[in-house]
Amino acid sequence: METILAFLTGLLFAAGVYLLLRRSIVKLILGVMLLSHSINLLIFTAGGLHKGNPQFTDSVMEAGLTNPTDPLPQALILTAIVIGFGITAFFLALMYRFYQVTGTEDLDELKEGDTK
Amino acid sequence: MRSQLLQMAASRLLPVTMILSLLVFYRGHNDPGGGFIGGLMAAAGFVFYALAFDTREAEKKLRVSPLMLIASGLSIAFISTLPALFAGNPFFTGEWVSISLPFSAKLKPGTPMLFDFGVYLTVWGIMLTVIFNIMEE
Amino acid sequence: MILPALPVLFPLITIIFLLINFQRREWQPWIGLTGSLLQLILAVFILIRVRYEGILVLHTGNWQAPFGITLVVDAFSSIMILLAGIIAVSISIYSFEAIDRQRQSFFYFPMVHGLLMGVNGAFVTGDIFNLYVWFEVMLMASFVLITLGGEKKQLRGAIKYVTLNLVSSLFFLAGIGLLYGKTGTLNMADLALKLSVANNNILINSSAVLFFVAFSIKSAVFPFFFWLPASYHTPPVAITALFAGLLTKVGVYAMIRFYTLFFVQDKLFWHPLFLWIGGFTMVVGVLTAASQYDIRKILSFHIISQIGYMIMGLGIFTVAGIAGAIFYMAHNIIAKTNTFLVAGLINRATGSYDLKSIGGLYKVRPWLAILFIIPAFGLAGIPPLSGFFGKLILISAGFNAGEYVISFIALAVGLFTLFSMVKIWNEAFWKARPENSGPSEGENEKLPVSMVLPVVFLGLLTLTMGFAVRPILDFAMDASLQLLNPGPYIEAVLGSDYLSH
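How each quantity is defined
- Per chain, residue numbering runs from 1 following the sequence as it is written.
- Chain A is the first chain written and ligand 1 is the first ligand written, with later ones labelled in order.
- Where totals are concerned, whole chains, interfaces and linings use all residues; where local detail is concerned, this predicted model gives features only for residues with pLDDT of at least 70, and gives and counts side-chain atom pairs only at 80 or more.
- The side-chain figures draw on all heavy atoms in the structure; neither hydrogens nor water molecules are used.
- Secondary structure follows DSSP: runs of H or I at least 4 residues long count as helices, runs of E at least 2 residues long count as strands, and numbering of each begins at the N terminus.
- Working definition: with a 1.4 Å probe on protein chains only, accessible area under 20% of the residue-type maximum means buried, over 50% means exposed, and in between means partly exposed.
- Note on contacts: a residue pair is in contact if any heavy atoms of the two residues lie within 4.5 Å.
- Working definition of accessibility: Shrake-Rupley area with a 1.4 Å probe, residue cover restricted to the visible protein chains.
- In this tally, Asp and Glu contribute negative charge and Lys and Arg positive charge; neither His nor the terminal groups of the chain are included.
- Where a charge lies is defined by one atom per residue type, namely NZ (Lys), CZ (Arg), CG (Asp) and CD (Glu).
- Only C-alpha atoms enter the radius of gyration, while the globule expectation follows 2.2 Å times N to the 0.38, with N the number of residues.
- The definitions used throughout rest on a 1 Å grid laid over the protein atoms alone, on which a cavity is an enclosed set of points accommodating a 1.4 Å probe that cannot get out and a pocket is an open set flanked by protein within 12 Å on both sides along at least five of seven lines; lining residues are those having an atom within 4 Å of a point.
- Grid points are joined across faces, edges and corners, and a volume is the space filled by probe spheres set on the points.
- Only Asp, Glu, Lys and Arg are considered charged in this grouping, and only Ala, Val, Leu, Ile, Met, Phe, Trp, Tyr, Cys and Pro are considered nonpolar; every other residue, Gly among them, is considered polar.
- The nonpolar core is taken to be a set of buried Ala, Val, Leu, Ile, Met, Phe, Trp, Tyr and Cys residues, with the residues joined through side-chain atoms within 4.5 Å.
- When two parts are put together, the accessible area they lose, computed with a 1.4 Å probe and summed over both, is reported as buried area.
- Here, a salt bridge means any side-chain nitrogen of Lys or Arg that lies within 4 Å of a carboxyl oxygen of Asp or Glu.
- We call two N or O atoms a polar contact when they sit within 3.5 Å, provided that within protein one can donate a hydrogen and the other can accept it, with sequence-adjacent residues counted only if both atoms are side-chain atoms.
- A pair of strands is considered paired only if DSSP assigns at least 2 bridges between the two.
- When the centres of two rings from Phe, Tyr and Trp lie within 6.5 Å, Trp using its six-membered ring, the rings pair. Their planes under 30 degrees apart give stacked, over 60 give edge-to-face, and anything left gives tilted.

Quick notes on the overall build of chain B
A tally of helices and strands in chain B yields six helices and two strands. In sequence order, chain B lays out its α and β elements as α-α-α-α-α-β-β-α. Expressed along its principal axes, the backbone C-alpha trace of chain B runs to roughly 60 × 35 × 25 Å. Expressed as a percentage of its 137 residues, the buried residues of chain B come to 41%. Of the contacts formed within chain B by residues at least 6 apart in sequence, a portion of 64% connects residues at least 24 apart. Summed over all atoms, the accessible surface of chain B reaches about 7,800 Å², with 69% contributed by carbon and sulfur. Within chain B, one finds 9 positive and 8 negative side-chain charges whose respective centroids are separated by 10 Å.

As structure tokens, then:
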């Protein structure tokens, strides 16, 4: 399972980087999203994959189930997803605004202001 | 172009979504669910309403401005951290009181739930602010 | 013991009040100012407490370390919180006039306080994932601030800024994930403990490098600095000043914290790397600044160059070196913000930031020239201003540690900094006004008091830091000693029970 997820992480990362290198802002945003998903998978995999029971819920406590799994990686990922959600929303709004102002979504439009 | 059917459905669905969102929020205390998802669901109800009518109608239906939802959500979340200080525990400690109700039912409201309600309101308000603003463009 | 949480709570409460009174536009700046003044007072109080009582620790929610999120304030954090408070007050006063009503009505003040909340949170937290969250709070607020107003060039700068900072956050997150996978803990003190017994450098360095890249992008050091000059000159100058003062320094803070507390095993790899990177950062920043003619761009490139000095202090890794880095950071936050604020005044007076189209200011407003000289020559390192002592401490620490090359580079870069500052001075104040520039609108207007006041305040601080080097340096030395002997920090966080088994 780890191997599959490792490859999936790599694949998502590669796809994200590829999209970042394209010229369109929409693809840039999609690229950032893919990167963030790949990092989430990375945390999930690095946190350890093993079968176990959930922790802390009433039903589990009552049944006295042992062998709990580590809930922390999922909590981290959840936080990261929520943050990513906010940032994606912001980025989309930014892109929309940029499109309104410049009438294009070509990243070459950004060149100005860099060197001068 | 407003669809009658959609308007009908939206105005009937709004109370249902609200109740459902509160249920999800309440359930989140011990099971999957919680303030964040509840807030998103509440926002979804109003966004659907705004799609069917328009944002102004939805804001009228909401009665308070989404900004006030955010402000009150943040305040509630902040206030929920304070009881711990009076109980002499470190900041943010969860505190519970037990209230006995008739028919041997027990209610255990605590600060985590209050905090979660703050999250609920904040998420609801922020989602509405964002989406209404974009829809009005 | 709620004290360590208060630097985060004060901005939060300010935001709540700002939102509740959002319709009362004329109250907004006043609420913002009150909030930042309270924050400054709190910061002074915390500094005194830390000075006399040692490290302050708060286990939030009564979850003991390493399981819960621990907030820790040691000497280094308390210095940074104080600096954030000073900048907060200056920017709040400056914003009364410098930020137009349009921008104020688009959540300017709540966002400034959101940024301060993130910055303060990053300074107090003792948990690496929590640090990530505060970074994101800070970044979200900065994203909004940099795009506020939605001008074309702002959007251009913002897309670069947002993308690069997101990528850096992702590296940060990846580092956290890998480190958690290896050690099973996120608490900084616990990490220090666990990594001190680990003897596999390759395993540790794989995540250490991810953190290094993440913080390097945030603090704009050598190979990763390009987003900063591309975006910092676009928003209104009050926002740029806030960013210039605080944002990059949070990256440096995190770097110093990480590489003195727990990534300390592989000295042979990291310290030369820091020295190289520091040297390159200084040189590249200062040389590119020399070719610019927009005041804000010159100053932006100098931010990069001066980050190099702090990284150099970290690379020297002696008590004096780190103390020098802390002292230099304190000097730089104040002086850098101040130069940007003065640039805003110059713009008010002449209507332009372009050195080619302004001039003759000395004749018209001699006192503005003095206000510029204090921070600018402070940055260049002219005695008796604070920058001179910052550089002196760093360079003498470098010589004492036998790092001659970097010390000579630092000396040379100081000269180039002086060149840039003298250039601004010559072009803006000294040379005659260009013929073709017509009279600008703000020509004979008085500059608003609210914009001059923070400049005077920060200028006085630069002077004070120059004249009262001894007590400030002593405190920086204390902070540096605490950083280099993390034993008491670890014990304060984890408690002696945890350490004994």
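Quick notes on the overall build of chain C
The helix and strand tally for chain C stands at 21 helices and two strands. For chain C, whose C-alpha radius of gyration is 22 Å, the value lies close to the compact-globule estimate of 23 Å for 501 residues. Looking at chain C as a whole, 66% of its 501 residues are labelled buried. Pairs at least 24 residues apart make up 82% of the contacts formed inside chain C by residues separated by at least 6 positions. Total accessible area on chain C stands at roughly 16,500 Å², and carbon and sulfur atoms take up 68% of it. Charge centroids of chain C, computed over 29 positive and 22 negative side chains, lie 7 Å from each other.

So, the layout of surface pockets
Which parts of space are left empty comes out when a probe the size of a water molecule is rolled across the atoms. Here the second largest pocket is characterised by a volume of approximately 560 Å³. Considering the residues around the second largest pocket, the lining is formed by 25 residues, among which K160, T163, L164, F226 and W227 of chain C are closest to the centre. Those elements giving two or more residues to the lining of the second largest pocket turn out to be α1 (2-20) of chain A together with α7 (152-183), α9 (201-219) and α10 (227-231) of chain C. Residue contributions to the lining of the second largest pocket peak at six residues, all from α7 of chain C. Taken together, the residues of the lining of the second largest pocket break down into 19 nonpolar, one polar and five charged.

Details of the nonpolar core
Among the nonpolar cores identified, the biggest contains 231 residues, and F258, Y259 and F262 of chain C are the most heavily contacted of them. Other than its neighbours up to four places away in sequence, F258 of chain C contacts I128, L131, F172, M188, F211, F215 and F263 of chain C. Core analysis: the second largest hydrophobic core is formed by 24 residues, F46, L62, Y120 and F132 of chain B among them.

Some details on the interface of chain C and chain B
In this complex, chain C contributes 16 residues to the contact, which on the side of chain B involves 13 residues. It is I16, L19 and N62 of chain C that lose the most area in chain C upon contact with chain B, and together they represent 34% of the buried surface on that side. Linking chain C with chain B are zero salt bridges, by the criterion used here. Here chain C is connected to chain B by one residue pair in polar contact (both at pLDDT 80 or more). If you list the elements that add at least two residues to the side of chain C that touches chain B, you get α1 (6-20) and β1 (56-59) of chain C.

A few points about the pairing of strand β2 (residues 70-73) of chain C
Residues and elements named next belong to chain C. Of the two faces of β2, the one lined by T70 and V72 and the one lined by L71 and V73 are each fully buried. Alignment of β1 against β2, held across four bridges, turns out to be antiparallel. The partner of L56 across the bridge, within β2, is V73.

A word on the interface of chain A and chain C
Contacts between the two partners involve 36 residues from chain A, matched on the other side by 32 residues from chain C. The largest contributions to the chain A side of the interface with chain C come from L76, I87 and F90 of chain A, which together make up 18% of the buried area. At the boundary of chain A and chain C, one finds zero salt bridges. Taken together, the connections running from chain A to chain C amount to one residue pair in polar contact (both at pLDDT 80 or more). Secondary structure elements with two or more residues in the side of chain A that touches chain C: α2 (25-46) and α4 (72-102) of chain A. Broken down by element, the residue count for the side of chain A that touches chain C peaks at 15 residues, all from α4 of chain A.

Points about the environment of T318 of chain C
All names here are of chain C. Along the polypeptide, T318 turns up in the loop between α13 (295-316) and α14 (319-350). Residue classification places T318 among the partly exposed residues on the basis of a relative accessible area of 28%. Taking the C-alpha atoms as reference points, T318 and N400, 82 residues apart in sequence, are found 9.3 Å from one another. In this structure, T318 is in contact with A397, A401, S480 and L484, ignoring residues within four places of it in sequence.

Thoughts on the packing of aromatic side chains
Residue and element names in this part refer to chain C. This structure, assessed with the given rule, holds 53 aromatic pairs over all chains. Between F135 and F172, the aromatic rings sit 5.4 Å apart at their centres with planes inclined by 85 degrees, giving edge-to-face as the arrangement. With F135 in helix α6 (residues 128-147) and F172 in helix α7, this residue pair connects regions lying 37 residues apart in the sequence. Residue classification places F135 among the buried residues on the basis of a relative accessible area of 1%.

What to know about the pattern of salt bridges
Pairs can form between side chains of opposite charge once their charged atoms are near each other. Counted under the stated rule, the structure contains 11 salt bridges over all chains. With a closest N to O distance of 3.8 Å, K60 of chain B and E57 of chain B form a salt bridge. You can see K60 of chain B and its partner E57 of chain B sitting in helix α3 (residues 55-62), three residues apart, about one turn around the helix. Relative accessible area serves as the criterion here: at 58%, K60 of chain B is assigned to the exposed category. Two residues, R103 of chain C and D100 of chain C, come together in a salt bridge whose shortest N-O distance is 2.9 Å.

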